[in-house]
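Coordinate analysis (summary)
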Amino acid sequence: MIYCRLCDGKWSSRGFFFGPYCPIYGFGGLIVILLLSPFADNCLMIFLLGMIFTTTLEYITSLLMEKLFNAKWWDYSTYRFNINGRVCLLNSIEFGLLGLLLTYFIHPNIEKLVLLIPQNVIYILDIMILVILSVDLTATLNSLFNFKEKLKALNEIAEKLKENSNGKLSEFALYKELTEFRQKLLIKRSSIGKRFLEAFPNLDFKNLNVQLQEFKLDIHKYQQQLKQKRKEKKKTSI
């Protein structure tokens, strides 16, 4: 998140979940800690194996998420030395460097702090974190499927409008229905859709990409309108 803040100039959630954590990086960190500890005396091995293991994790995660949700969540096709747009050399090198940072600086210091916590408190914290993650996962999946269903509904109305040939009145009614439905989706679901699109700007639902792109434009216009209203309100108050 700090890295993306430096690149994008603003804070944004970068994970699949609603909370401030990203499971793929958590599992990547665990892989580095658990599997690479025998090579701690060899910086080069930590770097290379860190690259290989975390890149493999990213590729498998991308493939599984595409199969589960029928959507492509990120795309590195524009990057040099990428594999099917799922992973790329630049990210792999960064993962390798993060593996070094984690192995020699972050984990040893975090481990010292954790060992100061009584074991029974650790168990309680584990349960609390598990409950929080479970609730977050449930809420995230519910919101995601709800958002996807709304896009499907928009797509169905758009298809009806495209296929309709019963006269201007019918076309007008369908167009009005489509516009009103999009507006309702925008107002009620803009924060959820916005969060997913910020975390995964290249998100692409198969067969729903047209509606998704239109929704992105709607969100942008809606946010611009809100900003303009805030400016006008400030001017009026002054």
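**Digging into the overall build of the protein**
- Check the secondary structure of the protein and you find seven helices and four strands.
- The secondary structure elements of the protein, listed N-terminal to C-terminal, are α-α-α-β-β-β-α-α-α-β-α.
- In the protein, buried positions account for 31% of the 238 residues.
- Counted over contacts in the protein with a minimum sequence separation of 6, partners at least 24 positions apart contribute 66%.
- Accessible surface for the protein amounts to roughly 16,000 Å². Of this, 65% is attributable to carbon and sulfur atoms.

**With respect to the packing of helix α2 (residues 23-36) against helix α4 (residues 89-115)**
- Packing of α2 against α4 brings their axes to within 10 Å, and their N-to-C directions diverge by 65 degrees. Put simply, α2 runs roughly perpendicular to α4. Like other packed secondary-structure pairs, α2 and α4 cross with a definite hand, here right-handed. Along its contact with α2, which presents Tyr25, Gly29, Val32 and Ile33, the element α4 presents Phe95, Gly99, Leu102, Thr103 and His107.
- Of the residues belonging to the contact of α2 with α4, the class tally is five nonpolar, four polar and no charged.

**A short note on the side chain of Arg86**
- With respect to the helices and strands, Arg86 occurs in the loop between β2 (82-83) and β3 (87-88).
- Among the residues examined, Arg86 registers a relative accessible area of 9% and is labelled buried.
- Discounting residues that sit within four places of it in the chain, Arg86 has contacts with Glu58, Tyr59, Ser62, Leu63, Glu66, Trp74 and Tyr76.

**Comments concerning the packing of aromatic side chains**
- In this structure the tally under the stated criterion is two aromatic pairs.
- Judged by centre distance (6.1 Å) and plane angle (70 degrees), the rings of Tyr25 and Phe95 are edge-to-face. On the criterion of sequence distance, the pair formed by Tyr25 in helix α2 and Phe95 in helix α4 is long-range, its members being 70 residues apart.
- Given a relative accessible area of 13%, Phe95 falls into the buried group.

**Some remarks on α2**
- For α2, spanning 14 residues, the distance from its first C-alpha to its last is 19 Å, which sits close to the expected 20 Å at 1.5 Å a residue.
- Of the residues making up α2, those classed as buried are Gly28, Gly29, Val32 and Leu36. Buried residues in α2, looked at end-on, bunch into an arc of 100 degrees, giving them a common side. Seen from the open side of α2, the exposed residues pointing more than 90 degrees away from its buried face are Phe27 and Leu34.
- On its buried face, α2 sits against α3 (43-69) and α4.

**A word on the pattern of salt bridges**
- On inspection of all chains with the given rule, the structure shows one salt bridge.
- When the shortest N-O distance is used, the salt bridge between Glu66 and Arg86 registers 2.9 Å. Placement of the pair is Glu66 in helix α3 and Arg86 in the loop between β2 and β3, with a sequence separation of 20 residues.

**So, the side chain of Thr54**
- Turning to its location among the elements, Thr54 is positioned in helix α3.
- Dropping the residues within four chain positions of it, Thr54 is found in contact with Gly28, Val32 and Phe95.

**A few points about the environment of Arg5**
- In this fold, Arg5 is placed in helix α1 (residues 2-8).
- On the basis of relative accessibility, which here comes to 30%, the residue Arg5 falls in the partly exposed class.
- With near-sequence residues (within four places) excluded, Arg5 lies in contact with Lys10 and Trp11.

**A few points about the confidence of the model for the protein**
- Of all residues in the protein, 63% attain a pLDDT of 70 or more, and the chain-wide mean is 77.
- When pLDDT is averaged over each helix and strand of the protein, the minimum, 55, is found for helix α6 (residues 168-199) and the maximum, 94, for β3.

Criteria and thresholds
- Residues numbered from 1 in each chain as written.
- Predicted model: local features only at pLDDT ≥ 70, side-chain atom pairs only at ≥ 80, totals over all residues.
- Heavy atoms only, no water.
- Helix = DSSP H or I, 4+ residues; strand = E, 2+ residues; numbered from the N terminus.
- Buried < 20%, exposed > 50% of the residue type's maximum accessible area, 1.4 Å probe, protein only.
- Contact = heavy atoms within 4.5 Å.
- Areas by Shrake-Rupley, 256 points an atom, 1.4 Å probe, with all protein chains shown as cover.
- Axes fitted to C-alpha atoms, helices over the stretch in contact; angles between N-to-C directions.
- Parallel < 35°, antiparallel > 145°, perpendicular 65-115°, else oblique.
- Left-handed = near helix turned anticlockwise from the far one by under 90°.
- Nonpolar A, V, L, I, M, F, W, Y, C, P; charged D, E, K, R; others polar.
- Phe/Tyr/Trp six-rings, centres within 6.5 Å; stacked < 30°, edge-to-face > 60°.
- Expected span 1.5 Å × (residues − 1).
- Arc of directions from axis to C-beta.
- Salt bridge = Lys/Arg side-chain N within 4 Å of Asp/Glu carboxyl O.
- pLDDT = per-residue confidence, 0-100.

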